[in-house]
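Architecture at a glance
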Amino acid sequence: MNANSLIILDFETTGLSPDNGDRAIEIGAVKLENGVVTDRFQELMYPGRPVSHFIADYTGITNVMLSKAAPCHEVMGRFSDFIQGQNLVAHNASFDKRFLDSELKRISSGYDGQFACSLLLSRRLYQTAPNHKLGTLTNYKGIASNGSFHRALYDSEMTAKLWVAMLDDIKQQTGIDEVPFSLIQKLTKTTKANVGKLLANYR
DNA sequence: TGCCAGGCCCTCTTTAGGGCCTT
């Protein structure tokens, strides 16, 4: 596993639950190496069924756009190659993990990285934020936004910027130069009340 | 036609319920 890089990803989908037949319609991801975006992945994919008005409104992704896209199995095959050997991050990772697992299972593929969740980390670090939606958090951290939320690549780019800001805050509070993935996992699992103590004792 | 999830996290909790996040 590459310790100095990770993949930040975001799915747009036909709905909330792959167990109910929902499918991915777009995948966006950036590779973050030492805090810098060094690679990108973005593709629409045809899910084999029309998307609802709600999803078209929510994402801006229409059935006409999807009718010209490659089918899910082709896109996910390419994305599987993109993420091999990398740890993974998503905002509310439990959602994206369900769709990643579901779509890769359909093509008998998988991945070897571990997931971290920027939503869970932000709840630990930014306990006074108005809420922990991606758009609110980027605004809260003064991160400039100049694109459309609810598109996969844009959301993954914004999650990457939030991620870098959170790592910078951890570095500042601990004095360490690099934040190991294991510390992220530890922070994500501890109680909110213990975050300050964990960071203060981590040197 | 109508309806659909799941993990986290708090609290008036743990023999439970409801809000927050993601599409």
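Report follows, based on the coordinates. (Residues numbered from 1 in each chain as written. Chains lettered and ligands numbered in written order. Predicted model: local features only at pLDDT ≥ 70, side-chain atom pairs only at ≥ 80, totals over all residues. Heavy atoms only, no water.)

1. Overview of helix α5 (residues 118-125)
It helps to recall that an α-helix has 3.6 residues per turn; residues three or four apart then point in one direction. Of all 8 residues making up α5, 6 are buried, and the element is well covered by its neighbours. Regarding α5, the residues found buried are Ser118, Leu119, Leu121, Ser122, Arg124 and Leu125. (Buried < 20%, exposed > 50% of the residue type's maximum accessible area, 1.4 Å probe, protein only. Helix = DSSP H or I, 4+ residues; strand = E, 2+ residues; numbered from the N terminus.)

2. With respect to the packing of helix α3 (residues 72-83) against helix α4 (residues 93-106)
In contact at an axis separation of 9 Å, α3 and α4 are set at 110° when each is read in the N-to-C sense. What the angle tells us is that α3 and α4 run roughly perpendicular. The interaxial crossing formed by α3 with α4 has left-handed handedness. Counted together, Cys72, Met76, Phe79, Ser80 and Ile83 of α3 and Leu100, Glu103 and Leu104 of α4 form the full contact between these two elements. Split by residue class, the contact of α3 with α4 holds 6 nonpolar, 1 polar and 1 charged. (Axes fitted to C-alpha atoms, helices over the stretch in contact; angles between N-to-C directions. Parallel < 35°, antiparallel > 145°, perpendicular 65-115°, else oblique. Left-handed = near helix turned anticlockwise from the far one by under 90°. Contact = heavy atoms within 4.5 Å. Nonpolar A, V, L, I, M, F, W, Y, C, P; charged D, E, K, R; others polar.)

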